[in-house]
Amino acid sequence: MGNSENRLQKRVEDSQIEQVFQVRPEHLNGAGRLFGGQLMAWIDEVAALVGLRHAQSNIVTASVDNLEFIQGAYQNDLIVLVGRVTFVGNTSMEVRVDTYVESMVDGMRRPINRAYLTLVAVDENGKPQKVPQLCIETESQRAEWEAGQKRKAMHIQRKKEGF
Ligand SMILES: CC(C)(COP(=O)(O)OP(=O)(O)OC[C@H]1O[C@@H](n2cnc3c(N)ncnc32)[C@H](O)[C@@H]1OP(=O)(O)O)[C@@H](O)C(=O)NCCC(=O)NCCS
């Protein structure tokens, strides 16, 4: 996608990750639900692993967009996080993380959270460095790419105007 400078290209599947956790007593808040901060830590961890696999270098989380808690989760629930790259810039990558509760009876997945994280590849001095391009292969990947482009434009506008 837009690869005019001969950068290495990688596919979405090359870095996609699925990770499973079980909700334990130490993950609950006072109301007996999965603590939102715990879920955010898992989301950040999964996004970072996706970013590491795509960039094959150190990465840092720069920002989080559209983090949406859709439903709660409870003790013993199986939490499945699926992370994949949706968009890349020069040194930044956007990773979408979808979180589900998976039924232990029939394996059906119920979405409970969705978030988009921007990660930046950095060198040993913490300086941003280039990431591989993303090879777009499907219509849904293209739609995600275009949405990612819009979110990046929003970041730039927010930074410029300070809102
Ligand atoms: C993220 C960071 C490296 C960016 O450094 P910077 O000097 O602002 O770098 P630049 O302005 O050159 O931007 C580099 C890229 O990051 C993107 N970026 C910077 N700040 C961003 C933000 N807040 N949200 C989204 N993207 C951001 C830029 O758009 C640019 O993308 P591109 O190269 O794909 O076009 C720096 O702000 C940082 O180190 N932040 C702390 C990260 C951290 O500690 N995270 C928590 C633990 S992992």
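The structure this text deals with has already been given above.
Keep in mind it's a predicted model, so treat the numbers as computed, not measured. (Residues numbered from 1 in each chain as written. Predicted model: local features only at pLDDT ≥ 70, side-chain atom pairs only at ≥ 80, totals over all residues. Heavy atoms only, no water.)

1. Concerning the overall build of the chain
Our working rule: Going along the chain from the N terminus, every DSSP run of H or I of four or more residues is numbered as a helix, and every run of E of two or more is numbered as a strand. Throughout, the radius of gyration refers to the C-alpha atoms, and the reference size of a globule is 2.2 Å times the residue count to the power 0.38. For the exposure calls, accessible area comes from a 1.4 Å probe over protein chains only, and a residue counts as buried if that area is under 20% of its type's maximum, exposed if over 50%, partly exposed in between. Contacts are residue-level and defined by heavy atoms, with any inter-residue pair within 4.5 Å sufficient. Only the protein chains shown count as cover for residues, and all accessible areas are computed by the Shrake-Rupley method using a 1.4 Å probe. Charge counting follows a simple rule: Lys and Arg are positive, Asp and Glu are negative, and His as well as the terminal groups are ignored. Where a charge lies is defined by one atom per residue type, namely NZ (Lys), CZ (Arg), CG (Asp) and CD (Glu).
For the chain, the helix and strand inventory stands at three helices and seven strands. When its helices and strands are written in sequence order, the chain yields β-α-β-α-β-β-β-β-β-α. Compactness check: the chain gives a C-alpha radius of gyration of 17 Å against a globular reference of 15 Å for 163 residues, within 12% of the reference. Principal-axis analysis of the C-alpha atoms places the extent of the chain at approximately 50 × 35 × 30 Å. Expressed as a percentage of its 163 residues, the buried residues of the chain come to 41%. Sequence-distant contacts in the chain: of pairs separated by 6 or more residues, those separated by 24 or more amount to 72%. Accessible area for the chain stands at about 9000 Å²; split by element, carbon and sulfur atoms hold 49% of it. Averaging the positions of the 20 positive and the 21 negative side-chain charges in the chain gives two centres separated by 4 Å.

2. A short note on the pairing of strand S4 (residues 78-88)
So the rule is basically this: Here, any two strands with at least 2 DSSP bridges between them count as paired.
With respect to burial, S4 is a largely interior element, 10 of its 11 residues being buried. Bridging between strand S2 (residues 17-22) and S4 involves six bridges; their strand directions are antiparallel. Each bridged residue has a counterpart across the sheet, and for Ile17 the counterpart in S4 is Gly83. Taking the residues that link successive antiparallel strands as the turn, the S4-strand S5 (residues 92-102) hairpin has three residues.

3. Overview of the side chain of Arg7
Cut-off, in case you're wondering: Two N or O atoms form a polar contact when they lie within 3.5 Å of each other; inside protein one atom must be a possible hydrogen donor and the other a possible acceptor, and for residues adjacent in sequence the pair counts only when both atoms belong to side chains.
Mapped onto the fold, Arg7 is located in the segment before strand S1 (9-11). Residue classification places Arg7 among the buried positions, given a relative accessible area of 11%. A polar contact is formed between the side chain of Arg7 and the backbone oxygen of Val131, at a distance of 2.8 Å. Residue contacts for Arg7: discarding those within four places in its chain leaves Val88, Gly89, Asn90, Lys130, Val131, Pro132 and Gln133.

4. With respect to the side chain of Ser92
Here Ser92 is to be found in strand S5. Judged by relative accessible area, which is 11%, Ser92 ranks as buried. Setting aside its immediate chain neighbours within four residues, Ser92 contacts Thr118, Leu119, Val120, Val131 and Lys152.

5. A word on the sheet that holds S4
Convention followed: Working convention: axes come from line fits to C-alpha atoms, limited for helices to the stretch in contact. Angles between N-to-C directions cover 0 to 180 degrees.
Taken in spatial order, the five strands line up as S2-S4-S5-S6-S3 in an open sheet, and their pairing is antiparallel. Of all the strands in the sheet, just S2 and strand S3 (58-69) have a single pairing partner and so form its edges. In this sheet, adjacent strand axes meet at a mean angle of 25° when their direction is disregarded. Along the sheet, helix H2 (residues 36-55) makes contact with S2, S3, S4, S5 and strand S6 (109-122), crossing S4 at roughly 45°. Of the strands in this sheet, S3, S4, S5 and S6 touch helix H3 (residues 139-161), which is tilted by about 75° from S4.

6. Overview of the nonpolar core
Heads up, the rule is: We define the nonpolar core as a collection of buried residues of types Ala, Val, Leu, Ile, Met, Phe, Trp, Tyr and Cys that are connected through side-chain atoms lying within 4.5 Å of one another.
Counting 33 residues, the largest nonpolar core has Leu39, Ile79, Leu81 and Val97 as its most contacted members. Of all the secondary-structure elements, those providing two or more residues to this core are S2, H2, S4, S5 and S6. For this core, the element with the highest residue contribution is H2, accounting for eight residues. Sequence-distant contacts of Ile79, that is, excluding residues within four places in its chain, are made with Gln19, Val20, Phe21, Val23, Leu34, Leu39, Trp42, Ala73, Thr99, Tyr100, Val101 and Ile112.

Note that every value here comes from positions in space, so none of it alone points to a role or purpose.
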